[in-house]
Amino acid sequence: MAHVPYEQRWAAARKRFEAATAKHRPKDAKAVAAALNGDAALVKALKAGDAVHRAATAGDEAAKDLVAAGKDAAKARKAYLAALDKALDEDTASRGDKAAAAACERAMKALAKDLAELEADIGADADRFKAQAAQAEKDAASSERAQKRWEANINGALARAAAGVAKVRAKPTPDTYNELFPALARDLATQLAAAKALDGLRADPDFYRRKLAPWAGSGGDGPPMRVPPDYTARQITDLIKEFATVCKGVVQLVSGR
């Protein structure tokens, strides 16, 4: 919900007070007019609170600034209401106007209630900023844990891929190759899919996932996902070389974070 400026709300409350007491306040009551217009400190505090919202920031710093504005507003409110109440009491007493005294008393109670609600909302906004800061810290910690888990998982997949490449190069036969694929490539592809939820990657993980698709895809049983029994050592070596090149790109993706 959009922030309704504190200063604007105070102006509306003061306007209601003035309307409720207008016919009970003599135009020549200078002390009452001075007290009514003595809200500079209160307005300053409310403006400071509104400035926090205009800055569009949140978190502990914003909460701290709002708390400070709230304290200043409370201090100014006490002084303002005391001075205004005194001026009104003295004015109505000097004129012996009981009806005016009763009307002003009701208006003062309403004004005090408006200011109490305003201060409560400033405090609630400060609490909300504090909660946002706590949640952001919690989310950051959760994100960090997720990234560490992902790094461990993809580094494990890369280690298995490297071991598989070495095994095929040492014995480039269809049986050795088919023993490893497509599982080896799908392991990596799964981790690259999970990487899309992470921050700080310098390259698009989908780029490498697409590169791995021929080894990890499910579109058929042909090369390079699996090779037929008559595949030669040279053909198998070429396939594993291409796979290793893609794996090097994935290593750079991980190490470049």
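Look a little higher up for the structure.
I will try to describe carefully the structure that is included in this document. Since the model is a prediction, treat every value here as computed from it, not as a measurement.

In this section: the overall build of the protein. When its secondary structure is counted, the protein shows nine helices and zero strands. Listing the helices and strands of the protein from first to last along the sequence gives α-α-α-α-α-α-α-α-α. Here the protein has a C-alpha radius of gyration of 36 Å; the compact-globule value for 257 residues is 18 Å, and the former is much larger. For the C-alpha atoms alone, the extent of the protein along its principal axes is close to 115 × 30 × 20 Å.

Scanning the model with the defined rule gives 15 salt bridges in all. Note that E179 is salt-bridged to K167, the shortest N-O span being 2.9 Å. Here E179, found in helix α6 (residues 174–180), pairs with K167, found in helix α5 (residues 98–170); they are 12 residues apart in sequence, far enough to count as distant. Note on E179: relative accessible area 54%, which makes it exposed. Between D206 and R209 there is a salt bridge whose closest N-O contact spans 2.9 Å. Separated by three residues within a single helix, D206 and R209 lie in helix α8 (residues 205–216), roughly one turn from each other. One network of salt bridges, in which partners are shared, links R14, E18 and D39.

Between its terminal C-alpha atoms helix α4 (residues 60–95) stretches 52 Å, which fits the 52 Å expected from 36 residues at 1.5 Å a residue. Two residues or fewer after α4 comes G96, characterised by a positive phi angle close to 65°.

Each value, and the rule that gives it
Residues numbered from 1 in each chain as written. Predicted model: local features only at pLDDT ≥ 70, side-chain atom pairs only at ≥ 80, totals over all residues. Heavy atoms only, no water. Helix = DSSP H or I, 4+ residues; strand = E, 2+ residues; numbered from the N terminus. Rg over C-alpha atoms; globule rule 2.2 N^0.38 Å. Salt bridge = Lys/Arg side-chain N within 4 Å of Asp/Glu carboxyl O. Buried < 20%, exposed > 50% of the residue type's maximum accessible area, 1.4 Å probe, protein only. Expected span 1.5 Å × (residues − 1).

As far as function goes, none of this settles anything; it's purely spatial.
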